[in-house]
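# Coordinate analysis (summary)
Next come the chains, spelled out residue by residue.
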Amino acid sequence: MLKATTLVASLMLFNVALAKKTCTDAPKEKWMSEEAFKKQAEGEGFKIRKFKTSGSCYEIYGTNKQGKKVEVYFNPVDGKVVKEEVE
């Protein structure tokens, strides 16, 4: 049981680390401005409750167009979803 719990915890941490590392390798000068990104995300139906930069990602907490709570990591260069967690 302890091995299973450790494995699950390790995979969860790996997923977060993976999202942070794989959003983009582009320098920040190539990233969209936060304002432009937020406008694009809202245009795609996201309602942003909290926004932050996480590693090389833009990250939001809020709701998707279906009204479900989400935590989403985006590529800050083109605004594409890298990882989405839906409650």
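Given the structure is predicted, the values throughout are model-derived calculations rather than measurements.

## As for the pairing of strand S1 (residues 47-54)
Note: S1 against strand S2 (residues 57-63), seven bridges, orientation antiparallel. Bridge pairing links lysine 52 to glutamate 59 in S2. Counting the residues between successive antiparallel strands, the hairpin from S1 to S2 contains two residues, one of them, glycine 55, with a positive phi of roughly 60 degrees.

## Brief notes about the pattern of salt bridges
Following the criterion strictly, the structure yields two salt bridges and no others. Across the pair glutamate 59 and lysine 52 runs a salt bridge, and its minimum N-O distance is 3.9 Å. Given the relative accessible area of 31%, lysine 52 is considered partly exposed. In this structure, lysine 83 and glutamate 85 form a salt bridge, with 3.2 Å as the shortest nitrogen-oxygen distance. Take glutamate 85: its relative accessible area is 33%, and that puts it in the partly exposed class.

## Thoughts on the sheet that holds strand S3 (residues 69-74)
Reading across the sheet, the four strands line up as S1-S2-S3-S4 and stay open at both edges, with antiparallel pairing between neighbours. Each edge of the open sheet carries a strand with a single partner, namely S1 and strand S4 (81-86). Within the sheet, the average angular offset between the axes of one strand and its neighbour, ignoring direction, is 15 degrees.

## Some words on the environment of threonine 24
In this fold, threonine 24 is placed in the loop between helix H1 (2-22) and helix H2 (34-43). Take threonine 24: its relative accessible area is 13%, and that puts it in the buried class. Taking the C-alpha atoms as reference, threonine 24 lies 9.1 Å from phenylalanine 74; in sequence the two are 50 residues apart. If we ignore the near neighbours within four places in the chain, the residues touching threonine 24 are Trp31, Ser56, Asn75, Pro76 and Val77. A distance of 2.9 Å separates a polar atom in the side chain of threonine 24 from the backbone nitrogen of alanine 26.

Definitions and cut-offs
Residues numbered from 1 in each chain as written. Predicted model: local features only at pLDDT ≥ 70, side-chain atom pairs only at ≥ 80, totals over all residues. Heavy atoms only, no water. Pairing = 2+ DSSP bridges. Helix = DSSP H or I, 4+ residues; strand = E, 2+ residues; numbered from the N terminus. Salt bridge = Lys/Arg side-chain N within 4 Å of Asp/Glu carboxyl O. Buried < 20%, exposed > 50% of the residue type's maximum accessible area, 1.4 Å probe, protein only. Axes fitted to C-alpha atoms, helices over the stretch in contact; angles between N-to-C directions. Contact = heavy atoms within 4.5 Å. Polar contact = N/O pair within 3.5 Å; in protein donor to acceptor, adjacent residues only side chain to side chain.

Function cannot be read off these values alone, since they describe shape.
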